[in-house]
Amino acid sequence: MSQNMFSLNGKTALITGAASGIGLAIATLFARQGAIVYLTDISREQGEKAVEEIRREGFIAEFLPLDVSDGGAVQAVAETVLKAHNKLDILVNNAGIGFVGTLLETKAEDMDRLYQVNVKGVFNLCKVFLPGMVARKAGNIINIASIAGIQAVRERMAYCTTKFAVVGITKSLAVDHAKQGVRVNAICPGRVETPFVKMRLREYPDPEKAYQEMSATQPLGRMAQPEEVASVALFLASEAASFVTGSCQMVDGGWSAG
Ligand code: NAI
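### Some remarks on the site of the ligand
So, point 1. Close contacts around the ligand come from 28 residues, with S20, D41, N94, Y159 and T194 the closest.
So, point 2. In this structure, T194 approaches the ligand through a side-chain N or O atom, which is 2.5 Å from an oxygen atom.
So, point 3. When atoms are counted within 2 Å of each cavity's grid points, the one that captures over half of the ligand is the largest pocket.
So, point 4. For the shell around the ligand, the secondary structure elements donating two or more residues are α1 (21-32), α5 (157-177) and α6 (195-201).
So, point 5. In terms of residue count, α6 provides more of the shell around the ligand than any other element does, three residues in total.
So, point 6. Of the residues that constitute the shell around the ligand, the class distribution is 16 nonpolar, eight polar and four charged.

### Comments concerning helix α8 (residues 226-237)
So, point 1. Over its 12 residues, α8 runs 16 Å from end to end, which matches the ideal 16 Å to within 8%, given 1.5 Å per residue.
So, point 2. At its buried positions, α8 is contacted by α1, β4 (90-93), β5 (139-144), β6 (182-189) and β7 (248-251).

### Observations concerning the environment of P207
So, point 1. Residue position: P207 is located in helix α7 (residues 207-216).
So, point 2. Between the C-alpha atoms of P207 and A174, which are 33 residues apart in sequence, the distance is 40 Å.

### Some thoughts on the layout of surface pockets
So, point 1. The computed volume of the largest pocket comes to approximately 1,000 Å³.
So, point 2. If you go around the largest pocket, you meet 44 residues; those closest to its centre are G96, I97, G98, T194 and F196.
So, point 3. Going through the elements one at a time, α1, α4 (108-136), α5 and α6 are the ones with two or more residues in the lining of the largest pocket.
So, point 4. Counting residues per element, the lining of the largest pocket draws most heavily on α6, which supplies five residues.
So, point 5. For the lining of the largest pocket, the per-class residue count stands at 24 nonpolar, 13 polar and seven charged.
So, point 6. In this model, the second largest pocket occupies a volume close to 410 Å³.
So, point 7. Along the walls of the second largest pocket sit 16 residues, with R154, R156, R191, Y204 and E213 positioned nearest its centre.
So, point 8. Partitioning the lining of the second largest pocket into residue classes produces seven nonpolar, two polar and seven charged.

### Examining the pattern of salt bridges
So, point 1. In total, this model carries 10 salt bridges according to the counting rule given.
So, point 2. The partner of R56 in a salt bridge is E52, with the nearest N and O atoms 3.7 Å apart. Linking R56 with E52, this pair stays in helix α2 (residues 44-56), spanning four residues, or about one helical turn.
So, point 3. Measuring nitrogen to oxygen at the nearest pair gives 3.7 Å for the salt bridge that ties K209 to E213. Placement of both K209 and E213 in helix α7 is noted, with a separation of four residues, approximately one turn of the helix.
So, point 4. Assessed through its relative accessible area of 52%, K209 is described here as exposed.

About the criteria used
Residues numbered from 1 in each chain as written. Predicted model: local features only at pLDDT ≥ 70, side-chain atom pairs only at ≥ 80, totals over all residues. Heavy atoms only, no water. Near = heavy atom within 4 Å. Polar contact = N/O pair within 3.5 Å; in protein donor to acceptor, adjacent residues only side chain to side chain. 1 Å grid on protein atoms, 1.4 Å probe; cavity = no way out; pocket = protein on both sides within 12 Å on 5 of 7 lines; lining within 4 Å. Sits in = over half its atoms within 2 Å of the grid points. Helix = DSSP H or I, 4+ residues; strand = E, 2+ residues; numbered from the N terminus. Nonpolar A, V, L, I, M, F, W, Y, C, P; charged D, E, K, R; others polar. Expected span 1.5 Å × (residues − 1). Contact = heavy atoms within 4.5 Å. Points joined across faces, edges and corners; volume = space filled by probe spheres on them. Salt bridge = Lys/Arg side-chain N within 4 Å of Asp/Glu carboxyl O. Buried < 20%, exposed > 50% of the residue type's maximum accessible area, 1.4 Å probe, protein only.

In structure tokens form, the structure reads like this:
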């Protein structure tokens, strides 16, 4: 192992949904660790702003607009990245959307929309980048699942369904491609204080009370910061995790332990 086992020097990384929250924290940390980072997102304005910030710190980043549910657009992004670097070392499937409701409150269209982004999006990205990783016998895929991919979270039926699927994709790819040098892991965060959660909080009649309740769900008594998920992604992306594949790393302040 090298002296700085967390270095990503010389690596190329692509992160989906990287304009905000957890994806942005991962992109920033990976760039600081020496990776050439592609931030992709549906939001061009926020994505370009994020890239500017990273470059201002002196690190290497590019923005490519991308809706992960659009297979054709995913293919075009892969062609751009592979033309520039001939390889992608690290793929982080982070883009995801939420939905609050029991099955009775979930329409078929809600289910389809969540599936297209949260599941098909992961499939689309893996489909275009895995062949190169297998051919080079080296690659690293990190999927941002959720505690809702491991256990039921109340009133999150559709979301749980998609995140259980993300865990399923993770474990299947890990088993199928371990011998080809590709490591595939999931991160299962509890509640993380990101725009995603802040938006949901505004929908509650008493957002402050909801914030306190959401924080208290986790034995550590607070929500995570996006950087606390990014550091686990760095571990998985790095040489330090060389024997880690097919795992679901809980970053939930102890929620799933109780
Ligand atoms: P966020 O809403 O702050 O950021 C998500 C980003 O994804 C946004 O920039 C958005 O523009 C982008 N995005 C949305 N749909 C997209 C699409 N179709 N294609 C490409 N980009 C798209 O969300 P946050 O909280 O950072 O979540 C990131 C991931 O972490 C999601 O997969 C989410 O399910 C997961 N997660 C979040 C938790 C939390 O408490 N915030 C807890 C557990 C998991």
